[in-house]
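# Analysis of the macromolecular model
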Amino acid sequence: MAQDAGMFTVPQTIGSVLCCKCGIPMAPNAANMCVACLRSEVDITEGLQKHVIISHCPECDCYLQPPRTWIKAQLESKELLTFCVKRLKNLNRVRLVNAEFIWTEPHSKRIKVKLKVQKEVLNGAILEQSYVVEYVQQDHMCDSCSRVQANPDQWVAAVQLRQHVTHRRTFFYLEQLILKHDAAARAIRIKQMDQGIDFFFGNRSHAVKFVEFVGKVAPVRSRHDKQLVSHDPKSNNFNYKYTFSVEISPICREDLICLPPKVAVSLGNLGPLVICTKVTNSIALLDPLTLRHCFLDADQYWRSSFKSLLTSRQLVEYIVLDVEVVSSEVNVGGSKYVLADAQVARVSDFGKNDTIFSIRTHLGHLLNPGDYALGYDLFSANNNDMELDKYKGLVLPETILIKKSYEEKRLRKRSKPRSWKLKSLDMEVDDSKGRTDQEKMNKEYEEFLRDLEENPELRFNISLYHNKDYQPSEMASVTDGEDVPSVPLDELLADLDLKSDDGEGDGSMRE
């Protein structure tokens, strides 16, 4: 600004002094020595560790943080860099400015970290210096891995998940929840059983955490027990094996239930015939004739437990002849329902008789004349239920529809693959099962996949992955009217292949 105003300014120059050691000109500092001479006189890295030995578990890629903590960290990760810096002693003598990895061969068992530190030296001068610390990895298996290697059956805690029903639909859905939340990451072994799954853990706390997770996603009741394995009387140490028995409610989605009289009264005279529309940590019940609904939590259910009158394996296919809407749309627990009067006939009766049923249904917003629907045939069913016998003079409806059926339209797309797939747990399967049991399980899994396609709420809490092998057909038919429900592409996740070249991985993929 002074030059712009035409004022005279005195030029200022930065003075320089001669180094007291080598005599070269330099900028003045507190020690009156150049950087080269100052480093030759003072080494601020003296006394700092430059070689460190660390323990590494080759099975689970964990590093030992003394005395007994194992930290999981990948190569050149922030976690590993923090672990390496914390292992250095006397680092508080200097001020750490920067730390970074120096690349080494992965098989060399060496990790090199370049550190830049500062320290105040002669007459208040601050010196900055870099040095390299070499970490030597010594392979040493952690307690859990050594236990598994010594004896794979040497578990500490086991969780036995059971559901006393004739299908495995609940476990297919629970498997996807476990995968999404990584709830079974600490399990050392998973085994598929007839009516459930067994999870084995190397620590009791891991099993307790897993039981708490299952209790948040399903109505369960659990009990636990322990068995003494060994006892050291000198040190008074006891080794136990813990077993957690977790029973899942036998009530499943789409089941028809006859509520016990006491339960129906406590719920405001609901039902007594209700449909289970949703199962989480509570059970959602809906009266299909009045659209009244309620939610039962696990404590309420197990206090007066009851079973299903009819299950989804007893569904019968009907064809809709006529539909007349009775009420407006009602939102029940996030799902929309509309009461309607409908005339339906069993598909199996075509060509045999002219039996037509006039019923009331809660699917008035979905059904149109000519559609197919699945429901429970109470007209010809032989019910032997104690709770149903307690209601004197109860008039049962001839048919209760459960959901719309797309079986007729799926016949045209049977050979077409899906554009998505699911992951599955790495569990042991009993190979002694016959061909019939395997076909039954494959059929139930296919029904589970269809439920995911038809119900967006069901796939809201699970992860679906894009199928790389899927190729859309160029001859897609657009003249079939309403298409079969499918999963939108924006709901699919990228299929990240985390497997190594050796074929090892956390889970397999199923379509």
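These notes cover the structure that comes with them. (Residues numbered from 1 in each chain as written. Predicted model: local features only at pLDDT ≥ 70, side-chain atom pairs only at ≥ 80, totals over all residues. Heavy atoms only, no water.)

## Things to note about the overall build of the protein
- Scanning the protein from terminus to terminus reveals 10 helices and 29 strands.
- Burial statistics for the protein: of 511 residues in total, 40% are counted as buried.
- Counted over contacts in the protein with a minimum sequence separation of 6, partners at least 24 positions apart contribute 65%.
- Summed over its atoms, the accessible surface of the protein is roughly 30400 Å², and 48% of this surface lies on carbon and sulfur atoms. (Helix = DSSP H or I, 4+ residues; strand = E, 2+ residues; numbered from the N terminus. Buried < 20%, exposed > 50% of the residue type's maximum accessible area, 1.4 Å probe, protein only. Contact = heavy atoms within 4.5 Å. Areas by Shrake-Rupley, 256 points an atom, 1.4 Å probe, with all protein chains shown as cover.)

## A look at the environment of His 51
- When you line up the elements, His 51 lands in strand β3 (residues 51–57).
- Separated by 84 residues in the primary sequence, His 51 and Tyr 135 place their C-alpha atoms 5.9 Å from one another.
- Polar contacts involving the side chain of His 51 include one to the side chain of Glu 134, which spans 3.4 Å. (Polar contact = N/O pair within 3.5 Å; in protein donor to acceptor, adjacent residues only side chain to side chain.)

## Observations concerning the packing of helix α4 (residues 169–181) against helix α5 (residues 204–217)
- Where α4 contacts α5, the axes come no closer than 11 Å and their chain directions differ by 125 degrees. The angle between α4 and α5 falls in the class oblique. Along this stretch, α4 crosses α5, giving a crossing that reads as right-handed. Here Leu 174, Leu 177, Ile 178 and His 181 of α4 come into contact with α5, specifically with Phe 210, Phe 213 and Val 217.
- For the contact of α4 with α5, the class distribution of residues is 6 nonpolar, 1 polar and no charged. (Axes fitted to C-alpha atoms, helices over the stretch in contact; angles between N-to-C directions. Parallel < 35°, antiparallel > 145°, perpendicular 65-115°, else oblique. Left-handed = near helix turned anticlockwise from the far one by under 90°. Nonpolar A, V, L, I, M, F, W, Y, C, P; charged D, E, K, R; others polar.)

## Quick word on the pairing of strand β8 (residues 126–139)
- As judged from the 6 bridges shared by β3 and β8, these two strands associate in the parallel manner. Paired with His 51 across the strands is Glu 134, a residue of β8.
- Inspection of the sheet shows strand β7 (residues 110–120) paired to β8 by 11 bridges, in the antiparallel sense. Bridge pairing in β8 links Lys 116 to Ser 130. (Pairing = 2+ DSSP bridges.)

## Describing the packing of aromatic side chains
- For the structure on display, the rule yields 13 aromatic pairs.
- Between the aromatic rings of Tyr 63 and Phe 83, the centroid separation amounts to 5.7 Å while the plane-to-plane angle is 40 degrees, which identifies the pairing as tilted. Of this pair, Tyr 63 sits in strand β4 (residues 62–65) while Phe 83 sits in helix α2 (residues 78–86), and the two are 20 residues apart along the sequence. Of the two residues, Tyr 63 and Phe 83, both sit in the buried class.
- Geometrically, the ring pair formed by Phe 199 and Phe 210 is tilted, given 4.5 Å between the ring centres and 45 degrees between the ring planes. Residue Phe 199 is located in strand β11 (residues 196–201), and its partner Phe 210 is located in helix α5; the two are separated by 11 residues in the primary sequence. Just as Phe 199 is buried, Phe 210 falls in that class too.
- Three or more aromatic residues joined by ring pairs form one cluster here, namely Phe 172, Tyr 445 and Phe 448.
- The side chain of Lys 241 reaches across the aromatic face of Trp 155, ending 4.5 Å from its centre. (Phe/Tyr/Trp six-rings, centres within 6.5 Å; stacked < 30°, edge-to-face > 60°. Lys NZ or Arg CZ within 6 Å of the ring centre and 35° of its normal.)

## Overview of unusual backbone geometry
- Put simply, Pro 66 and Pro 67 share a cis peptide bond, and its omega is 10 degrees.
- The topology assignment puts Pro 67 in the loop between β4 and β5 (69–72).
- Even without a glycine there, the phi angle at Lys 109 is positive, about 60 degrees.
- Within the secondary structure, Lys 109 sits in the loop between β6 (95–102) and β7.
- The class for Lys 109 is partly exposed, based on a relative accessible area of 32%.
- Of note in this structure, Leu 291 is not a glycine but carries a positive phi near 65 degrees.
- Tracing the chain through its elements places Leu 291 in the loop between β16 (282–286) and β17 (293–297).

## Points about the sheet that holds β3
- Taken in spatial order, the 6 strands make up an open sheet running β5-β4-β3-β8-β7-β6, and their pairing is mixed. Each edge of the open sheet is held by one strand with a lone partner, namely β5 and β6. Averaged over all neighbouring strand pairs, the angle between strand axes comes to 35 degrees, with direction disregarded.
- Alignment of β6 against β7, held across 7 bridges, turns out to be antiparallel. What sits directly across from Leu 96, in β7, is Val 117.

## Some remarks on the sheet that holds strand β25 (residues 399–405)
- Taken together, 5 strands build an open sheet; the order of strands is β23-β22-β19-β24-β25 and the sheet is antiparallel. The sheet terminates laterally at β23 (357–361) and β25, the two strands that pair on one side only. Across the sheet, the mean angle separating the axes of adjacent strands is 45 degrees when strand polarity is ignored.
- Relative to β23, strand β22 (residues 340–346) is paired through 5 bridges, and the arrangement is antiparallel. Bridging from a neighbouring strand, Gln 343 pairs with Ser 358 of β23.

Any functional reading would require information that these geometric values do not contain.
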